[in-house]
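# Overview (structure and organization)
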Amino acid sequence: MTPVNVLQLDGEQIKLAIQKDGRLTEATLQLLRTAGLQFESAKQRLFSVCRNFPLAILYVRDDDIPEYVADGVADLGIVGQNLVREAERPVEELLPLNYGHCTLMVAVPRESHIQAVEQLAGCKIATSYPVTTRQFFQERGINVDITTISGSVELAPTLGVSTAIVDLVSSGSSLKLNDLVPLESVLQSQAALIANPTTFKDEQKSIKSIILNRLLMRLNGVINARSYKYIMMNAPREALPSIVELAAGMHSPTVLPTADPDWISVHIAVAEDVFWESIEQLRSLGAQGILVSPIEKLFL
Ligand SMILES: Nc1ncnc2c1ncn2[C@@H]1O[C@H](COP(=O)(O)OP(=O)(O)OP(=O)(O)O)[C@@H](O)[C@H]1O
Ligand SMILES: O=P(O)(O)OC[C@H]1O[C@H](OP(=O)(O)OP(=O)(O)O)[C@H](O)[C@@H]1O
Ligand SMILES: [Mg+2]
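Residues numbered from 1 in each chain as written. Chains lettered and ligands numbered in written order. Predicted model: local features only at pLDDT ≥ 70, side-chain atom pairs only at ≥ 80, totals over all residues.

Our focus in this paragraph is the nonpolar core. Judged by nonpolar contacts, the single largest core of 39 residues is most densely connected at L16, A17, V69, L76, I78, V79 and I194. Those elements that provide at least two residues to this core are strand 1 (14-19), helix 2 (25-34), strand 3 (55-60), helix 3 (65-71), strand 4 (76-80), helix 4 (81-87), strand 11 (191-195) and helix 7 (207-226). Of all the elements, helix 7 adds the most residues to this core, at six residues. Membership of the second largest hydrophobic core comes to 23 residues, among which are L120, F137, L183 and V186. (Core = buried A, V, L, I, M, F, W, Y, C linked by C-beta atoms within 7 Å. Buried ≥ 20, exposed ≤ 12 C-beta atoms within 10 Å, placed from the backbone. Helix = DSSP H or I, 4+ residues; strand = E, 2+ residues; numbered from the N terminus.)

In the vicinity of ligand 1 there are 14 residues, among which G22, R23, G80, C102 and S170 approach most closely. Of the residues contributing to the shell around ligand 1, the split by class is four nonpolar, seven polar and three charged. (Near = placed C-beta within 6 Å. Nonpolar A, V, L, I, M, F, W, Y, C, P; charged D, E, K, R; others polar.)

What surrounds ligand 2 is the set R23, G151, E154, D167, L168, V169, S170, S171, G172, S173 and S174. For the shell around ligand 2, the secondary-structure elements that each account for two or more residues are strand 9 (164-169) and helix 6 (173-177). Counting residues per element, the shell around ligand 2 draws most heavily on strand 9, which supplies three residues. For the shell around ligand 2, a count of residues per class yields two nonpolar, six polar and three charged.

This next bit is on the sheet that holds strand 7 (residues 124-127). As summarised here, the arrangement of the five strands in space is 8-7-9-6-10, forming an open sheet in which the pairing is mixed. Of all strands in the sheet, those with a lone pairing partner are strand 8 (145-148) and strand 10 (180-189), marking the two edges. Between one strand and the next, the sheet's axes are offset by a mean angle of 25 degrees, whatever the strand orientation. (Pairing = 2+ DSSP bridges. Axes fitted to C-alpha atoms, helices over the stretch in contact; angles between N-to-C directions.)

This next bit is on the sheet that holds strand 3. By way of backbone hydrogen bonds, the strands of a sheet pair with one another, either parallel or antiparallel. Here six strands make up an open sheet; going across it, the order is 2-3-1-4-11-5 and the pairing mixed. At either end of the open sheet lies a strand with only one pairing partner, and these are strand 2 (47-49) and strand 5 (92-96). Between one strand axis and the next, the sheet turns by 25 degrees as a mean value, whatever way the strands run. Relative to strand 3, strand 1 is paired through six bridges, and the arrangement is parallel. Bridging from a neighbouring strand, A17 pairs with L58 of strand 3.

Before going further, it helps to spend a moment on the environment of L298. Inspection of the secondary structure puts L298 in the segment after strand 15 (288-294). Placed 103 residues apart in sequence, L298 and A195 show a C-alpha to C-alpha distance of 23 Å. Setting aside residues up to four positions removed in sequence, L298 forms contacts with G221, N224, A225, Y228 and A269. (Contact = placed C-beta atoms within 7 Å.)

Residues other than glycine predominantly adopt negative phi, and peptide bonds predominantly adopt the trans conformation. One non-glycine residue, H113, adopts positive backbone phi at about 60 degrees. Examined against the element boundaries, H113 turns out to sit in the loop between strand 6 (102-109) and strand 7. Residue S152 is not a glycine yet carries a positive backbone phi of 45 degrees. With respect to the helices and strands, the residue S152 is situated in the loop between strand 8 and strand 9. Residue classification places S152 among the partly exposed residues on the basis of 13 C-beta atoms within 10 Å.

Right, let's talk about the confidence of the model for the chain for a bit. Taken residue by residue, the chain gives an average pLDDT of 93. The fraction at 70 or more is 94%. Below pLDDT 50 for its whole length, residues 1-9 participates in 10 contacts with residues either more than four positions away or in separate chains. (pLDDT = per-residue confidence, 0-100.)

Turning to the environment of P157, a few remarks are in order. You can see P157 is positioned in the loop between strand 8 and strand 9. C-alpha of P157 to C-alpha of D179: the two residues are 22 residues apart in sequence and 9.9 Å apart in space. The residues contacting P157, other than those within four sequence positions of it, are P109, S162, T163, I165 and L180.

Next up on the list: the pairing of strand 11. Two faces make up the sheet, and in a regular strand the side chains alternate between them. By the criterion of burial, strand 11 is predominantly enclosed, with five of the five residues buried. The two faces of strand 11 match: A191, L193 and A195 on one face and A192 and I194 on the other face are all buried. Here strand 4 pairs with strand 11 via five bridges, running antiparallel. Note on strand 11: the bridge partner recorded for V79 is A192. By the bridge criterion, four bridges tie strand 5 to strand 11 in an arrangement that is antiparallel. Its bridge partner being in strand 11, P96 is matched across the sheet by A192.

Here you go:
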């Protein structure tokens, strides 16, 4: 394997564009740092060069990221899938990152009593996502008049600008504050790593591809770790086959003997989204002394 310092000597590095200051910034910096990358903070900077990895980080406005990646100004970007879809630029999504979750949603004033998007035919819709909104209504065969607004979209119905809005929703508190109710989801979104479609395809074994694969391995290690918990327990020996099923997706669990020959100590990794159900099942299988730990990195 080519050591990283040899790659640096070659002077080759990849450029990653991330949001300079916004909802994705902190989580993105944390992801990169947890993946072992060392770099100076974004404040007052246009870019940072990692000290221990051939990567430059460009701090830009998130709306510009799909464009920069498509044009090759940056090789990679981390941005919401909502913006990738809206930009309609040829970029490749490499990895969903499991943060920045939100939904692009059609919403109407509570008192409007509109209950289905079909009732919006002929109406004005305010949004910062005109492309995605147009596609949504076109696919549904509903003719609407789209008004593009860059912010505070939730105010549009109160100001008489539109009958409905299409905007991002996460907790739903902005809708509630503005007396709006959700009608239908247009798009589910989360932050994702995107790539220029040609940078890494020219030569499979190019230095940039090697760097990308190393970065992907690191990011996957962090993302996987966040979605699993490490569980250690003592259990009756006969419960082992059922416990193995709970560890689906991972290789065979570690099984250790205990002082009691009828009991074993078992170590498994369990997916976060079925964590509590798994604990309930383990307890019903007779497991005791169940000890749960976070995982720092996980390479599946
Ligand atoms: N309420 C939310 N909860 C979770 N994620 C969100 C929310 N709003 C937006 N996002 C995600 O975070 C990304 C960045 O949002 P942010 O508000 O920082 O950017 P922006 O609205 O484009 O910036 P600006 O407010 O400067 O125009 C969005 O593109 C979306 O993917
Ligand atoms: O469902 P919620 O948790 O309330 O989040 C939704 C709000 O978050 C986003 O705006 P943001 O706060 O980013 O402000 P912005 O319009 O300046 O981007 C979005 O445009 C909504 O207004
Ligand atoms: Mg915003």
